[in-house]
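Here are the chains, one letter per residue:
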Amino acid sequence: MAFTRPTGKHRAPSRMKRGTARAAGVAALATTGVIGTLAAPALAAEPAVEQTGIVPVITIGDSVAAQIDAQAEAQEQAAEKAAQEKAEELARKKAAAKAKKEREAKERAARAAAERKRLNTYVAPITGSYISTGYKAGGAVWSSGSHTGVDFHAASGTSVHAVGSGTVVEAGWGGSYGNNIVIKMNDGTYTQYGHLSSIGVSVGQTVTPGQQIGLSGATGNVTGPHLHFEARTTPDYGSDIDPVAYLRSHGVNV
């Protein structure tokens, strides 16, 4: 009786087809790099090559497939870990940049506050000096009959400072005051510095507390070198106020 090969859906896949399918899977995995580092002995454990008469085909078993799956999972986990670490590093850099920006803003605010405080302070017109003639002292030497300011003891050439922040409104010869400077202070009052040997500022110039504006001397109606200092409500003679009380009201110890 003649032998008949089974046909139709009950026919089992040929060995060639099974090998080809397995090889296709290996080729796909090799393309993605999954089995790029697979140990040679693992592949060698399986039938390495089947001669089909068409092309050589690699066949692998379930144990190798499991190793490939494990390697693929490990690579996926490594990629996820690397992505997480990158995200964390980016977050750290953003946090550091934000903290730096906030710190710099605080430092700028602190410097601005310190500068505002400095500009609002007052100092004595002569450092380390004392008042040699007081306010409203009487005598024939003054045309008004009394002293309209105070005299600070100072040798000729001593540095004279602006007592506070303001704008120069007069700088030049002032008659009996000799070389003098008048400054409109930021609070709206005026200060005058007389008998100077030299003037170091000009009209319209802004000055700050402690800035040198000239040198003391003996110009004008004087008997010796000193600084005549006045506080006024206007830039003009006759509007004088107590200069000691004025300085003390602004925190100057005189």
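Going by the structure above, here's the rest.
Here's a quick rundown of the structure.

Definitions and cut-offs
- Residues numbered from 1 in each chain as written.
- Predicted model: local features only at pLDDT ≥ 70, side-chain atom pairs only at ≥ 80, totals over all residues.
- Heavy atoms only, no water.
- Helix = DSSP H or I, 4+ residues; strand = E, 2+ residues; numbered from the N terminus.
- Buried < 20%, exposed > 50% of the residue type's maximum accessible area, 1.4 Å probe, protein only.
- Contact = heavy atoms within 4.5 Å.
- Patch = residues over 30% accessible without salt bridge, like charges linked within 9 Å, V, L, I, M, F, W, Y side chains within 5 Å.
- Areas by Shrake-Rupley, 256 points an atom, 1.4 Å probe, with all protein chains shown as cover.
- Salt bridge = Lys/Arg side-chain N within 4 Å of Asp/Glu carboxyl O.
- Lys, Arg positive; Asp, Glu negative; His and termini not counted.
- Charge placed at Lys NZ, Arg CZ, Asp CG, Glu CD.
- Polar contact = N/O pair within 3.5 Å; in protein donor to acceptor, adjacent residues only side chain to side chain.
- Phe/Tyr/Trp six-rings, centres within 6.5 Å; stacked < 30°, edge-to-face > 60°.
- Core = buried A, V, L, I, M, F, W, Y, C linked by side-chain atoms within 4.5 Å.
- Pairing = 2+ DSSP bridges.

### Observations regarding the overall build of the chain
Step number 1: In terms of helices and strands, the chain carries four helices and 12 strands.
Step number 2: Residue burial in the chain is summarised as follows: out of 254 residues, 30% are buried.
Step number 3: In the chain, the proportion of contacts linking residues at least 24 apart, taken out of those at least 6 apart, comes to 59%.

### Looking at a negative patch on the surface
Step number 1: Together, Asp 69, Glu 73, Glu 76 and Glu 80 make up a negatively charged patch on the protein surface.
Step number 2: Looking at the secondary structure, you find Asp 69 in helix 3 (residues 62-119).

### Structural notes on the environment of Asn 120
Step number 1: Along the chain, the position of Asn 120 falls in the loop between helix 3 and strand 3 (131-133).
Step number 2: The class for Asn 120 is exposed, based on a relative accessible area of 59%.
Step number 3: Separated by 130 residues in sequence, Asn 120 and His 250 have C-alpha atoms that sit 9.0 Å apart.
Step number 4: Within polar-contact distance, the side chain of Asn 120 engages the backbone oxygen of Arg 116 at 3.1 Å.

### What to know about the pattern of salt bridges
Step number 1: A complete count under the given rule lists four salt bridges for this structure.
Step number 2: The shortest N-O distance in the salt bridge between Arg 92 and Glu 89 comes to 2.5 Å. Placement of both Arg 92 and Glu 89 in helix 3 is noted, with a separation of three residues, approximately one turn of the helix.
Step number 3: When its relative accessible area of 48% is taken as the criterion, Arg 92 is described as partly exposed.
Step number 4: Of the residues examined, Glu 89 reaches a relative accessible area of 32% and is grouped as partly exposed.

### Focus: the side chain of Gln 192
Step number 1: Among the secondary structure elements, Gln 192 is positioned in strand 8 (residues 190-199).
Step number 2: Of the polar contacts made by the side chain of Gln 192, one reaches the side chain of Asn 180; its length is 3.2 Å.
Step number 3: Setting aside its immediate chain neighbours within four residues, Gln 192 contacts Tyr 177, Asn 180, Ile 181, Val 182, His 228, Phe 229, Glu 230 and Arg 232.

### Some thoughts on unusual backbone geometry
Step number 1: One non-glycine residue, Lys 136, lies in positive phi territory at about 70°.
Step number 2: Considering the arrangement of structural elements, one finds Lys 136 in the loop between strand 3 and strand 4 (150-153).
Step number 3: The class for Lys 136 is partly exposed, based on a relative accessible area of 45%.

### Observations regarding the packing of aromatic side chains
Centre distance and the angle of the planes are the two values used to describe a pair of aromatic rings.
Step number 1: By the definition in use, this model includes three aromatic pairs.
Step number 2: Residues Tyr 122 and Tyr 246 carry aromatic rings whose centres are separated by 6.1 Å and whose planes lie at 80° to one another, so their mutual orientation is edge-to-face. Of this pair, Tyr 122 sits in the loop between helix 3 and strand 3 while Tyr 246 sits in helix 4 (residues 243-249), placing them 124 residues apart in sequence. Just as Tyr 122 is buried, Tyr 246 falls in that class too.
Step number 3: On the basis of an interplanar angle of 70° and a centroid distance of 6.3 Å, the ring pair of Phe 152 and Phe 229 is categorised as edge-to-face. Here the residue Phe 152 occupies a position in strand 4, and Phe 229 occupies one in strand 11 (residues 226-232), the gap between them amounting to 77 residues. Taken as a pair, Phe 152 and Phe 229 share a single burial class, namely buried.
Step number 4: By way of ring pairs, the aromatic residues Phe 152, Tyr 193 and Phe 229 are connected into one cluster.

### Thoughts on the nonpolar core
One broad trend across soluble globular proteins is that nonpolar side chains are buried collectively.
Step number 1: Counting 24 residues, the largest nonpolar core has Ile 181, Ile 183, Tyr 193 and Ile 213 as the members making the most contacts within it.
Step number 2: For this core, the secondary-structure elements that each account for two or more residues are strand 4, strand 7 (179-185), strand 8, strand 11 and helix 4.
Step number 3: The contacts of Ile 181, once residues within four sequence positions are left out, are Val 168, Glu 170, Thr 191, Gln 192, Tyr 193, Leu 196, Ile 199, Val 201 and Ile 213.

### Some details on the pairing of strand 11
Step number 1: With seven of seven residues buried, strand 11 is to be regarded as a mostly interior element.
Step number 2: Residues His 226, His 228, Glu 230 and Arg 232 line one face of strand 11 and the alternating positions Leu 227, Phe 229 and Ala 231 line the opposite face, and both faces are buried.
Step number 3: As paired strands, strand 4 and strand 11 are joined by four bridges and run antiparallel to one another. Residue pairing in the sheet places His 153 in a bridge with His 226 of strand 11.
Step number 4: Note: strand 8 against strand 11, five bridges, orientation antiparallel. Opposite Tyr 190, over in strand 11, you have Arg 232 as the bridge partner.
Step number 5: Taken together, the two bridges between strand 11 and strand 12 (residues 240-241) define a ladder with antiparallel strand orientation. Across the sheet, the residue bridging to Arg 232 is Asp 240, located in strand 12.

Read these as spatial facts, not as claims about activity.
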